[in-house]
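Each chain is listed here by its residues.
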Amino acid sequence: MYFEKISVAPMLDWTDRHYRYFMRLISQHTVLYTEMLVADAIIHGQRDKLLEFNQDEQHLVLQLGGSNPEKLAQAAIIAKEHGYTEFNLNCGCPSDKVQVGNFGASLMSDPILVSECINAINEATGLPTTLKHRIGLDYEYSYDFVANFVRYLSERTNCTKFIVHARNAILKGLSPKQNRDVPPLKYDYVYQLKQDFPNLHILINGGIKTTNDIDTHLSQVDGAMLGREAYYNPYLFADFDQRYFGSSKPIKTRFEVATQMIPYLENILENHGKLHYATRHMIGLYHGCKHAKLWRQTLTTKLIHNNSIDEYKELVSYMVE
Ligand SMILES: Cc1cc2nc3c(=O)[nH]c(=O)nc-3n(C[C@H](O)[C@H](O)[C@H](O)COP(=O)(O)O)c2cc1C
């Protein structure tokens, strides 16, 4: 299993392949996750488009959504053929759509089914399969709920990596967005999981924003997964290879990252795509810097309108630090 001290969370519509390529320029070693892909979409949809990724994105984990073991296994086999080497099952998403399919966070109430799903993927592909889940469902706030979930899965499957979003999922009455903010964070539950299951890889997620936050968590658990902060402030990750993965390579400047995106953007145009496919994910690159507003405004107006690589190059030339 890949050593995963720091990772970027799976985020629908955000962590697509363009974002991941951009993020990989900033950090070589941070583990990246796809958006959640529903098993049925992989089996019946435009699988090549959904599963496409650039080899430079590795180490990359495919997050699967679903609760039918056979379908998950079938989807995982297809994904393996496309080059994926690790899977993660979503047991944390509270959206209504996902609840209709009886997967995502609601799966936490059925650890037997989760074990069948994990084992099916694992047996079909021979590849590591991990879980991302919450600490509780609705108003069930006891530590035992999540501890029993982790215990059961660790005993009945080969899953050794548990990514724990340190909040309950409230299935009725809160939107997915509210479910990322309203239920209180209980980091101590995740720390306790590491105490109680020292041989498992316990990764913590939820509300992590700074290297101070990360360092505090890493003194208690094996890894930290960042979601929104990785999107809004991607350059936070610029020294993570050195800080967390022992790399001695020089840290890239924002200007270098912006410049290194040029061949990638040119390639999008050559394939009749829009620069915006990738630049929409790059808005946060200059977060907190002098020319942040110029960068943001140009990416979100002129560049969308004109789709011109020359305008992008001109913008980058203004951004020398
Ligand atoms: C736009 C968006 C989309 C998300 N999509 C997914 C998803 O596909 N799968 C998943 O497990 N979690 C998803 N999440 C939840 C994140 O992975 C993460 O657990 C959550 O945002 C808490 O981490 P954070 O506080 O660092 O953002 C999404 C979050 C956001 C903001």
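All values derive from a computational prediction rather than experimental measurement.

> Residue-level account of the packing of aromatic side chains, with values.
Counted under the stated rule, the structure contains 12 aromatic pairs. Residues Tyr139 and Tyr141 carry aromatic rings whose centres are separated by 6.5 Å and whose planes lie at 65° to one another, so their mutual orientation is edge-to-face. When its relative accessible area of 60% is taken as the criterion, Tyr139 is described as exposed. Among the residues examined, Tyr141 registers a relative accessible area of 28% and is labelled partly exposed. Linked through ring pairs, Trp14, Tyr19, Tyr231 and Tyr232 together constitute an aromatic cluster.

> Before we move on, can you summarise the environment of Cys289 with the specific residues and values?
Looking at where Cys289 falls in the secondary structure, it is placed in the loop between helix H13 (276-279) and helix H14 (292-300). Along the backbone, Cys289 and Met319 are 30 residues apart, and their C-alpha atoms lie at a distance of 9.7 Å.

> Please set out the pattern of salt bridges residue by residue, giving values where relevant.
As enumerated under the stated definition, the model contains 12 salt bridges in all. Between Arg243 and Asp239 there is a salt bridge whose closest N-O contact spans 3.4 Å. The exposure class of Arg243 is partly exposed, given its relative accessible area of 40%. Ionic pairing is found between Lys313 and Glu266, a salt bridge with its closest N-O pair at 3.2 Å. Of this pair, Lys313 sits in helix H16 (residues 309-318) while Glu266 is found in helix H12 (residues 254-270), placing the two residues 47 residues apart along the sequence. Given a relative accessible area of 28%, Glu266 falls into the partly exposed group.

> Pulling in residues and values, what's your account of the state of the cysteines?
By the definition in use, this model includes zero disulfides. With no disulfide of its own, Cys91 lies 7.7 Å from the sulfur of Cys117, the closest cysteine sulfur. By relative accessible area, Cys91 is classed as buried at 0%.

> I'd like a description of the domain arrangement of the protein chain, backed by residues and values.
Taken domain by domain, the protein chain comprises domain 1 (6-245) and domain 2 (254-318). Placing a centre on the C-alpha atoms of domain 1 and another on those of domain 2 gives a separation of 29 Å. In this assembly, 16 residues from domain 1 lie in contact with 14 residues from domain 2. At the boundary of domain 1 with domain 2, total buried surface from both sides reaches about 1400 Å², with 61% on carbon and sulfur atoms. Looking at the side of domain 1 facing domain 2, the largest losses of area belong to His18, Phe22 and Tyr235, adding up to 41% of the total buried there. For the pair domain 1 and domain 2, the number of links is two salt bridges. Linking Asp16 and Arg280 is a salt bridge whose minimum nitrogen-to-oxygen distance equals 3.3 Å.

> Quick rundown of the site of the ligand? Include the residues and the values.
Neighbouring residues of the ligand: 17 residues in total, closest Gln63, Asn205, Gly207, Gly227 and Arg228. The separation between a nitrogen atom of the ligand and a polar side-chain atom of Asn90 is 3.3 Å. A distance of 2.8 Å separates an oxygen atom of the ligand from a polar atom in the backbone of Gly227. For the ligand, whose free accessible area comes to 610 Å², the fraction covered by protein is 92%.

The rules behind these values
- Residues numbered from 1 in each chain as written.
- Predicted model: local features only at pLDDT ≥ 70, side-chain atom pairs only at ≥ 80, totals over all residues.
- Heavy atoms only, no water.
- Phe/Tyr/Trp six-rings, centres within 6.5 Å; stacked < 30°, edge-to-face > 60°.
- Buried < 20%, exposed > 50% of the residue type's maximum accessible area, 1.4 Å probe, protein only.
- Helix = DSSP H or I, 4+ residues; strand = E, 2+ residues; numbered from the N terminus.
- Salt bridge = Lys/Arg side-chain N within 4 Å of Asp/Glu carboxyl O.
- Disulfide = S-S within 2.5 Å.
- Domains from an automatic or database assignment.
- Contact = heavy atoms within 4.5 Å.
- Buried area = accessible area lost by both parts, 1.4 Å probe.
- Near = heavy atom within 4 Å.
- Polar contact = N/O pair within 3.5 Å; in protein donor to acceptor, adjacent residues only side chain to side chain.
- Areas by Shrake-Rupley, 256 points an atom, 1.4 Å probe, with all protein chains shown as cover.

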